[in-house]
Structure formats: C-alpha cells, structure tokens
Amino acid sequence: MIIAFTLVLLFAASDLPFRGDPDNQMNQEVSMTGTEVAGNYYIQEAYHDAHTPNIVTVILGDYRSVDTLGEQIVIFTAGLITFLLLRNRKEGEEDDE
Amino acid sequence: MTNKSSSPIVLYGTRFLSPYIMLFGFYVIFHGHYSPGGGFQGGTLLAVSLLLIRIASGTDLAQLQFKEYLTTPLAALGVVIYFGTGLTALIMGGYFLDYEELPIPGLEPAYLRYWGILIIELGIGLTVMTVLTLIYDNMVKGEDYA
Amino acid sequence: MLDFFMGHYAYWFTMILLAIGLYGMLIKKNLVKKTIGLSIFQAGVILFFVSVAMKWGATVPVKADGLPVSEVSNYMNALPHTLMLTAIVVGVATLGVAYALIIKIYNRYGTLDEEELLDKIQ
C-alpha cells in the first residue's frame, strides 16, 4: 500500500510546474481569477512599509502578526502541557501501586 | 539524568562555549531586520546555550545559570509582551497589532513598524527559549522516577 | 528530458521522504520510531514548500543594494519561507508533547512496543 502511495505521489509530482521557473502561475503579478498575488505584493511593498530589509521578518511580524501570536500561544501551551503531564511523579506512582 | 559527565574536558568545554552561543543568539534576534534571523531562530539558539550546560554538568549545577522555576513565568511574560503590544495599539486607536499607533513619540509610521516588529520578536524569543528549556527540564524530571 | 528531470527532482525527493515517514508511522511497532517517522514526514512537507518558493536567478528575500524590489524576479517568494519558519517551531513543540506522553506511558507500563502495550491495557 505504501508503494502504491509512493507511486501516486511521484506521478502527481511529475505534473507540477518546473521548480524555480520565474514564470510560474504562483509568481505572476495577477492570479488566474484576476486578483493580485500576495507574494509579489510583499516583495514590492515590505521595505516601503516598515523600513526593514528582511522581507520574511516583515511578513512574520507585521502582515501576519495575528498568525504569529497564535503560533506563540501554541508553543506556550505545549510547554504547559509537558509541565502538567510530568510533574508530581511520586504521587502518580503511589496511585498506581 | 542528574549524573554529570565524568570528563572535565566536556564540562569546561561547554562552559567555554555557552556564553558565545548565547551572544550569537542575541545577535540573531537583534540583527534579524538586516539578515536572516528573528525571534524563533534566536530563541532556539539561546535555549541551546542553556541546554548545553544542563546536559553536560547535570541539572543541579545548571540551576546556578538559569533557575528552573523561572521558565514558566518568563514564557508567560513573552506572550504578555506580544499581546500587550497589540493591545496598546488597539487602545491608542488603531487596529489590533497595528504598530502605527504605538505611543513612541517622534517617529514616522514606517519606523514605528520597525520598532514594533523588534518588540514582538523579543517576546517570541523569550517564549521559545523558556519553553524549550521547560520541556527538557520536565522530561528529565519525569525520567528520574522511572 | 534533462530539463524535465532538473525541474522535478526536488519534488520527487520530497515525495520519497513523505513515503519513508509514512512507512515509519504505519509499519514500525515502537512508539519512539513512530515519532521519528512523524518528524521525517514533517521534514518532507517543509522541504516541499521551500522548494516551491525557489526561483532561478533570484536571491534570498532580504533587500540588497542594486537589486530593485519593483522587479519581482530578483527575490524569492517570501511567503512559504515565513509559513515554514513557524511550522518548524510548532513541530518542535509537538515533538516535546509527544515525548512527554511517551515518558508517561513508559513509566506506567514499562514498555513502548505497541502490541505489548495493547496486551497490558486489556
């Protein structure tokens, strides 16, 4: 079954556009439905909006800041989960035996 | 895993390396506007510098570098820094996390965004560093009683 | 033919990584090995997104002197980089939770093998 899955994935990957072609649909100025593509807007306007040369930082901290807040809360929750799972080992063992 | 490494070379080598890794972590956070870097990567480097001492010299000795009970409050402080920045912008009359409304005088809006991004990256770095340390500490503590 | 290979070998490589990760998650009986399979699967997804963002003749998305930002083909697409940056850190947090659960299971049942675990639970 895994071999079949791999063959399906390889066949599907053969139909993808060439890697690194600047004329891909994803790198066009206007998408198929006639709207602007977000990636180009970020590249063109990031330095003008925030005076920060690193475009990834501007997207992370400014355009998608609410998303990043969610990610940070996920990390914090994961830390709290390990804290709550693994504290009080002695009491847990007394309950088991 | 409280038994420390028996070789003094490992102990002194990690003690020598740890401050430089921490310094590089701060560089990655604060220079993230001009080169690849930012809060997530810099926080991970800071956590590495803490975990190196913890693995090499045991958890008890590493309390001298970074206390274990500090991790959870500092992680919460990182979230509060991020959320408080957004809330300040909201109170001052803008949208949530709209840095143009931050109450820092004498700066044009683009540079306000610059400083706002730096503040939230500090919050992210603090949270990532303390949460990774917290996960390691709790895993060691859970293993001790096995 | 060579063009077709050069345009697609990165995709095929990530698909093979996905298959290895799925094999680890489905076939292996040890819970730690299953977690390693999950991590390999995640690495495949991340590599796929980053390889999609690549453009020939472009540089990293940091504004450099002499390369105007109005010409989009000078810089790679920065959006997948951002998404994968957060996905990596969330993956580390997820791995931490998974290992916490595994330690808890081992402390209680004394084994990590899936079939032995099922026998002991019943």
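Residues numbered from 1 in each chain as written. Chains lettered and ligands numbered in written order. Predicted model: local features only at pLDDT ≥ 70, side-chain atom pairs only at ≥ 80, totals over all residues.

Student: Hey, could you run me through the overall build of chain C in this one?
Tutor: Within chain C, the regular secondary structure consists of four helices and zero strands. Written out in order from the N terminus, the α and β elements of chain C read α-α-α-α. Dimensions of chain C, computed from C-alpha atoms along their principal axes, come out at roughly 65 × 35 × 15 Å. Put simply, chain C has 122 residues, and 24% of those count as buried. Taking the contacts inside chain C whose residues are at least 6 apart along the sequence as the reference set, 43% of them involve residues at least 24 apart. (Helix = DSSP H or I, 4+ residues; strand = E, 2+ residues; numbered from the N terminus. Buried ≥ 20, exposed ≤ 12 C-beta atoms within 10 Å, placed from the backbone. Contact = placed C-beta atoms within 7 Å.)

Student: Just checking my understanding: could you explain the overall build of chain B for this structure?
Tutor: For chain B, the count of helices and strands is four helices and zero strands. A compact globule built from 146 residues would reach a C-alpha radius of gyration of about 15 Å, whereas chain B, at 18 Å, exceeds it by more than 25%. Overall size of chain B, expressed as C-alpha extent along the three principal axes, is 60 × 30 × 20 Å. Here chain B holds 146 residues, and the buried ones make up 38% of them. (Rg over C-alpha atoms; globule rule 2.2 N^0.38 Å.)

Student: When you look at the interface of chain A and chain C in this model, what are you seeing that I'm missing?
Tutor: The interface is formed by 38 residues belonging to chain A together with 41 residues belonging to chain C. Put simply, the parts of the chain that give the side of chain A that touches chain C at least two residues each are α1 (2-13), α2 (38-50), α3 (55-63) and α4 (65-86) of chain A. Tallying contributions element by element places α4(A) first for the side of chain A that touches chain C, with nine residues. Tallied by class, the residues present in the side of chain A that touches chain C amount to 24 nonpolar, ten polar and four charged. (Nonpolar A, V, L, I, M, F, W, Y, C, P; charged D, E, K, R; others polar.)

Student: Can you walk me through the environment of A:R64 in this structure?
Tutor: Turning to its location among the elements, A:R64 is positioned in the loop between α3 and α4. A:R64 has contacts with A:I59 and C:T82, leaving out every residue within four places of it along the chain.

Student: So what exactly am I meant to see when it comes to helix α3 (residues 71-91) of chain B here?
Tutor: Given 3.6 residues per helical turn, the α-helix brings residues three or four places apart onto the same face. Residues and elements named next belong to chain B. Over its 21 residues, α3 runs 30 Å from end to end, which matches the ideal 30 Å to within 8%, given 1.5 Å per residue. Buried within α3 are the following residues: T71, A75, G78, Y82, T85, G86 and A89. At the exit of α3 stands G93, carrying a positive phi of roughly 115°. (Expected span 1.5 Å × (residues − 1).)

Student: Just checking my understanding: could you explain the UniProt feature "transmembrane region" (unreviewed entry) in chain B for this structure?
Tutor: Residues and elements named next belong to chain B. Mapped onto the present numbering, the UniProt feature "transmembrane region" (unreviewed entry) falls on residues 12-30, 42-62, 74-97 and 117-136. With 100% helix and 0% strand, residues 42-62 has end C-alpha atoms that lie 21 Å from one another. With 75% helix and 0% strand, residues 74-97 has end C-alpha atoms that lie 21 Å from one another. (UniProt positions renumbered as here; feature names shortened; annotations may be inferred.)

Student: It is not clear to me how the packing of helix α1 (residues 8-30) of chain B against helix α2 (residues 39-62) of chain B should be interpreted in this structure. Could you clarify?
Tutor: The geometry of a pair of packed helices is captured by two quantities: the angle between their axes and the separation between those axes. All names here are of chain B. Put simply, α1 and α2 touch, their axes get as near as 8 Å, and they point 170° apart. By the angle between their directions, the pair α1 and α2 is classed as roughly antiparallel. Between α1 and α2, the contacting residues are V10, L11, T14, L17, S18, I21, M22, F24, G25, F26, V28 and I29 on the first element and G39, Q41, G42, L45, L46, V48, S49, L52, I53, A56 and S57 on the second. Among the residues forming the contact of α1 with α2, the class breakdown is 15 nonpolar, eight polar and no charged. (Axes fitted to C-alpha atoms, helices over the stretch in contact; angles between N-to-C directions. Parallel < 35°, antiparallel > 145°, perpendicular 65-115°, else oblique.)

Student: Just checking my understanding: could you explain the UniProt feature "transmembrane region" (unreviewed entry) in chain C for this structure?
Tutor: Residues and elements named next belong to chain C. Look at the UniProt record and you will see "transmembrane region" (unreviewed entry) annotated at residues 6-26, 38-58 and 78-102. Across residues 6-26 one finds 100% helix and 0% strand; the C-alpha atoms that close the span lie 32 Å apart. With 100% helix and 0% strand, the stretch residues 78-102 has end C-alpha atoms that lie 36 Å from each other.

Student: Can you help me understand the interface of chain B and chain C in this one?
Tutor: The figure often quoted for interface size is the accessible area lost as the parts come together. Contacts between the two partners involve twelve residues from chain B, matched on the other side by twelve residues from chain C. Counting residues per element, the side of chain B that touches chain C draws most heavily on helix α4 (residues 109-144) of chain B, at seven residues. For the side of chain B that touches chain C, the per-class residue count stands at eight nonpolar, three polar and one charged.

Student: Explain the packing of α3(A) against helix α3 (residues 78-109) of chain C here, please?
Tutor: Where α3(A) meets α3(C), the axes come as close as 9 Å, and the angle between the chain directions of the two elements is 60°. By the angle between their directions, the pair α3(A) and α3(C) is classed as oblique. Judged by the sense of rotation from one axis to the other, the crossing of α3(A) with α3(C) is right-handed. Of the residues in α3(C), those in contact with A:I55, A:V56, A:I59 and A:L60 of α3(A) are C:A78, C:L79, C:H81, C:T82 and C:L85. Residues belonging to the contact of α3(A) with α3(C) are distributed by class as follows: seven nonpolar, two polar and no charged. (Left-handed = near helix turned anticlockwise from the far one by under 90°.)

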